[in-house]
Amino acid sequence: MLPRLLRSINCCLQTHVLPGRQHLCTGTRQPCHTYRYRHHWNYSAQRSVCTCICRICATENVSFTMEKVSFGSSGAVGYEAGPKDSPAVVVLQEWWGVNDIIKEHAHLIADAGGFRVLIPDLYKGKVGVDKEEASHLMNNLDFKAAVAELTDAVVYLRSTGSPKVGVVGFCMGGALTFAAAQHAGVDCAAPFYGIPDPAICDPAAIKVPVQAHFGELDTMKGFSDPASIQKVVDSMKAAGAPVELFMYEKSGHAFMNALTEKGRAKIKEIGQAEPPEAEPAQAFDRLIAFFKQHLTA
């Protein structure tokens, strides 16, 4: 049972933090010491609920089913969840492929905003287990074909009930998010720490709203470091593109992985410093507010 204080709050999409007291997570039913709840409308239950999104109670402990679907003339494959008639968000993988971490991100987005989500499987079932394999998979990806696949994903979502479609991606998926914003017919886009090759995208030509998120401590020169993304955003603003950039002072590459337990393990595995809890949480709140503004208004 939720604490009386939280049950009495009448709000929507708010995050409540009450540190220092133990509770049972509403998802895992395990003890946790940081109250961090998101109050939202649960579309499947048709009622207002508070869901624990605290750092300790990782989303992989909460049941989340994604249906395998195919779309487009090529028979592209993806993983989908959420009401067919809800606004949709295409969620794009890091260079690892469609692993548990990207599915957890889709879970968080669907749950927080009541969105339909779709993860296109750009690697066709393959997943990189280490940097060498992930690099091989990414380097062998036909990026122009991937952008065409994202266009098919957007057409599929619209034709099966979603009135509007946004896109978010991380690392490699962040770069593809810029490309989707230019070419795939989305209503808005949110790239995280990834800049596209000029062969697939000219960010200055983007016409839909873009909200970009990058870490000040990111050292991937030319792909996601602060100077490189600032140059891209400056060119977009000069061309009149509707873009906003958020930089996170104490975060490096892949900082959004810190939202889940498996993601934090991956950050350590690749030798990145774990960001402070507040920065990924703030980025997530901004992301959901951005999608609600442009997909549900």
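Residues numbered from 1 in each chain as written. Predicted model: local features only at pLDDT ≥ 70, side-chain atom pairs only at ≥ 80, totals over all residues. Heavy atoms only, no water.

1. Some thoughts on the packing of helix H2 (residues 100–113) against helix H8 (residues 278–296)
Two quantities define a packed helix pair, namely the angle between the axes and the distance from one axis to the other.
Alright, step 1. Contact pair H2 / H8: the axes reach a minimum separation of 10 Å and the direction vectors enclose 55 degrees. One element, H2, and the other, H8, form an angle in the oblique class. Considering only the axes of H2 and H8, their crossing is right-handed. On H8, the residues that touch Leu108, Ile109, Ala112 and Gly113 of H2 are Phe284, Leu287, Ile288 and Lys292.
Alright, step 2. Of the residues that constitute the contact of H2 with H8, the class distribution is six nonpolar, one polar and one charged. (Axes fitted to C-alpha atoms, helices over the stretch in contact; angles between N-to-C directions. Helix = DSSP H or I, 4+ residues; strand = E, 2+ residues; numbered from the N terminus. Parallel < 35°, antiparallel > 145°, perpendicular 65-115°, else oblique. Left-handed = near helix turned anticlockwise from the far one by under 90°. Contact = heavy atoms within 4.5 Å. Nonpolar A, V, L, I, M, F, W, Y, C, P; charged D, E, K, R; others polar.)

2. Let's talk about the pairing of strand E6 (residues 88–92)
Alright, step 1. With respect to burial, E6 is a largely interior element, five of its five residues being buried.
Alright, step 2. Both faces of E6 are covered, namely the face carrying Ala88, Val90 and Leu92 and the face carrying Val89 and Val91.
Alright, step 3. Pairing between E6 and strand E7 (residues 116–120): three bridges, direction parallel. Residue pairing for E7: Ala88 is matched across the bridge by Arg116.
Alright, step 4. Remark: the E6/H2/E7 crossover connection has right-handed handedness. (Buried < 20%, exposed > 50% of the residue type's maximum accessible area, 1.4 Å probe, protein only. Pairing = 2+ DSSP bridges. Right-handed = clockwise from strand over helix to strand, strands pointing away.)

3. As for the pattern of salt bridges
Alright, step 1. Within this structure, the stated rule accounts for seven salt bridges.
Alright, step 2. A salt bridge links Lys266 to Glu269, with the shortest nitrogen-to-oxygen separation between them at 3.2 Å. A residue pair is termed a helical-turn pair when its members lie 3 or 4 positions apart in one helix, as Lys266 and Glu269 do in helix H7 (residues 261–269) at three residues.
Alright, step 3. It is possible to trace a salt-bridge network through shared partners that takes in Glu80, Lys84 and Arg116. (Salt bridge = Lys/Arg side-chain N within 4 Å of Asp/Glu carboxyl O.)

4. Some details on the packing of aromatic side chains
Alright, step 1. Evaluated as defined, the whole model comprises ten aromatic pairs.
Alright, step 2. Consider the rings of Tyr193 and Phe255, whose centres lie 5.2 Å apart with planes at 65 degrees: the pair is edge-to-face. Taken as a pair, Tyr193 in the loop between strand E9 (188–192) and strand E10 (210–215) and Phe255 in the loop between strand E11 (243–248) and H7 lie far apart in primary sequence, 62 residues in all. For the pair formed by Tyr193 and Phe255, the shared burial category is buried.
Alright, step 3. Seen in terms of ring centroids, Phe290 and Phe291 are 5.8 Å apart; in terms of plane orientation they differ by 45 degrees. Their pairing is tilted. Per residue, the accessibility class of Phe290 equals that of Phe291, and both read buried.
Alright, step 4. Cluster of aromatic residues (ring-pair linked, three or more members): Phe170, Phe192, Tyr193, Tyr248 and Phe255.
Alright, step 5. For the cation-ring pair, Lys103 lies above Tyr79, with the distance from its terminal atom to the ring centre recorded as 4.6 Å. (Phe/Tyr/Trp six-rings, centres within 6.5 Å; stacked < 30°, edge-to-face > 60°. Lys NZ or Arg CZ within 6 Å of the ring centre and 35° of its normal.)

Spatial relationships are all this shows, so hold off on functional conclusions.
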